[in-house]
Amino acid sequence: MINELENVDLILEHITSLLTSRFDQLLLEQLGIGYSQYKVLLLFSGDNIIKQNLIAKNLGQTEASISRQLKIMTSKGLITRIYDPKNSKSKIVNLTLLGQRIRMAAKDIVLRQNAAIFEEIQTKNQLSMNQGLEELHSYLCRVGKHNHSL
């Protein structure tokens, strides 16, 4: 069993790199946003207000790297940022109406691309692969004490 897992980390890393590049290209071409900005938009599910530090935490990134993405998104009119009235060191991020529209369009692009990719994989393998990846994600979040929501 150990031998079968010898390169699993490298395979997962390579898959992530390939998917990120593909999604980045599609989203930039069709909507003018990058995959990093798409991941931020996804965090706004039902709620249009999130604290900046929670965005960083949920994406497993530093606040500085998230801040750069948020500046780009602010300049594109996708979000607004204000200081938290309860904590002047914290910023609150608000999704604009344009941001909501771009979020839905981007999600549709990613879902269609995922469907095209998975068409190449047999249905029984799709289900077991998705279940296995969800279990791996859940386990890694638990042992790493992260609360990343997808």
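One structure accompanies this document, and this report is about it. It should be emphasised that the depicted structure is a prediction, and the values quoted were computed from it without experimental measurement. (Residues numbered from 1 in each chain as written. Predicted model: local features only at pLDDT ≥ 70, side-chain atom pairs only at ≥ 80, totals over all residues. Heavy atoms only, no water.)

## What to know about the overall build of the protein
Line of reasoning, step 1. When its secondary structure is counted, the protein shows 6 helices and 3 strands.
Line of reasoning, step 2. Along the protein, helices and strands appear, N-terminal first, in the series α-α-β-α-α-β-β-α-α.
Line of reasoning, step 3. Reported as C-alpha extents along the three principal axes, the dimensions of the protein are approximately 55 × 35 × 25 Å.
Line of reasoning, step 4. Within the span of the protein, comprising 150 residues, buried residues form 25% of the whole.
Line of reasoning, step 5. Total accessible area on the protein is roughly 10400 Å²; 56% of this is exposed by carbon and sulfur atoms.
Line of reasoning, step 6. Taking the average location of the 18 positive side-chain charges in the protein and that of its 14 negative ones, the two points are 13 Å from each other. (Helix = DSSP H or I, 4+ residues; strand = E, 2+ residues; numbered from the N terminus. Buried < 20%, exposed > 50% of the residue type's maximum accessible area, 1.4 Å probe, protein only. Areas by Shrake-Rupley, 256 points an atom, 1.4 Å probe, with all protein chains shown as cover. Lys, Arg positive; Asp, Glu negative; His and termini not counted. Charge placed at Lys NZ, Arg CZ, Asp CG, Glu CD.)

## Looking at the nonpolar core
Line of reasoning, step 1. Residues Leu27, Ile33, Ile55 and Leu70 are the most contacted members of the largest nonpolar core, which totals 24 residues.
Line of reasoning, step 2. Secondary-structure elements contributing two or more residues to this core are α1 (8–31), α2 (35–42), α3 (52–59), α4 (63–75), β3 (87–95) and α5 (97–118).
Line of reasoning, step 3. For Ile33, the residues in contact, after removing those within four places along its chain, are Asp24, Leu27, Leu28, Tyr38, Leu41, Lys76, Leu78, Ile102 and Ala106. (Core = buried A, V, L, I, M, F, W, Y, C linked by side-chain atoms within 4.5 Å. Contact = heavy atoms within 4.5 Å.)

## Some points on the pattern of salt bridges
Line of reasoning, step 1. Under the counting rule described, the total for this entry stands at 2 salt bridges.
Line of reasoning, step 2. Ionic pairing is found between Asp108 and Arg112, a salt bridge with its closest N-O pair at 3.0 Å. Here the residue Asp108 and the residue Arg112 both occupy positions in helix α5, the gap between them amounting to 4 residues, near one helical turn. (Salt bridge = Lys/Arg side-chain N within 4 Å of Asp/Glu carboxyl O.)

## What to know about the side chain of Thr96
Line of reasoning, step 1. With respect to the secondary-structure elements, Thr96 resides in the loop between β3 and α5.
Line of reasoning, step 2. Of note is the side chain of Thr96, whose polar atom sits 2.6 Å from the backbone oxygen of Gly77.
Line of reasoning, step 3. Not counting residues within four places of it along the chain, the set of residues in contact with Thr96 comprises Gly77, Leu78, Ile79 and Thr80. (Polar contact = N/O pair within 3.5 Å; in protein donor to acceptor, adjacent residues only side chain to side chain.)

## Some points on the pairing of β3
Line of reasoning, step 1. Alignment of strand β1 (residues 49–51) against β3, held across 3 bridges, turns out to be antiparallel. Bridge pairing in β3 places Lys51 opposite Ile92.
Line of reasoning, step 2. Hairpin connection of strand β2 (residues 79–84) to β3: 2 residues between the antiparallel strands. (Pairing = 2+ DSSP bridges.)

## So, the packing of α2 against α4
Line of reasoning, step 1. Packing of α2 against α4 brings their axes to within 10 Å, and their N-to-C directions diverge by 90°. One element, α2, and the other, α4, form an angle in the roughly perpendicular class. Facing Ser36, Gln37, Val40 and Leu41 of α2, the residues of α4 in contact are Ile66, Gln69, Leu70, Ile72 and Met73.
Line of reasoning, step 2. Class assignment for the residues of the contact of α2 with α4 results in 6 nonpolar, 3 polar and no charged. (Axes fitted to C-alpha atoms, helices over the stretch in contact; angles between N-to-C directions. Parallel < 35°, antiparallel > 145°, perpendicular 65-115°, else oblique. Nonpolar A, V, L, I, M, F, W, Y, C, P; charged D, E, K, R; others polar.)

## Some details on the pairing of β2
Line of reasoning, step 1. Across 6 bridges, the pairing between β2 and β3 is antiparallel. Counterpart to Thr80 in the pairing with β3 is Asn94.

## A closer look at the environment of Phe44
Line of reasoning, step 1. Structurally, Phe44 can be placed in the loop between α2 and β1.
Line of reasoning, step 2. Looking at Phe44, the relative accessible area reads 2%, which means it is buried.
Line of reasoning, step 3. Distance in space between the C-alpha atoms of Phe44 and Gln100 is 8.5 Å, their sequence separation being 56 residues.
Line of reasoning, step 4. Aside from chain neighbours lying at most four places away, what touches Phe44 is Ile49, Ile50, Val93, Asn94, Leu95 and Arg103.

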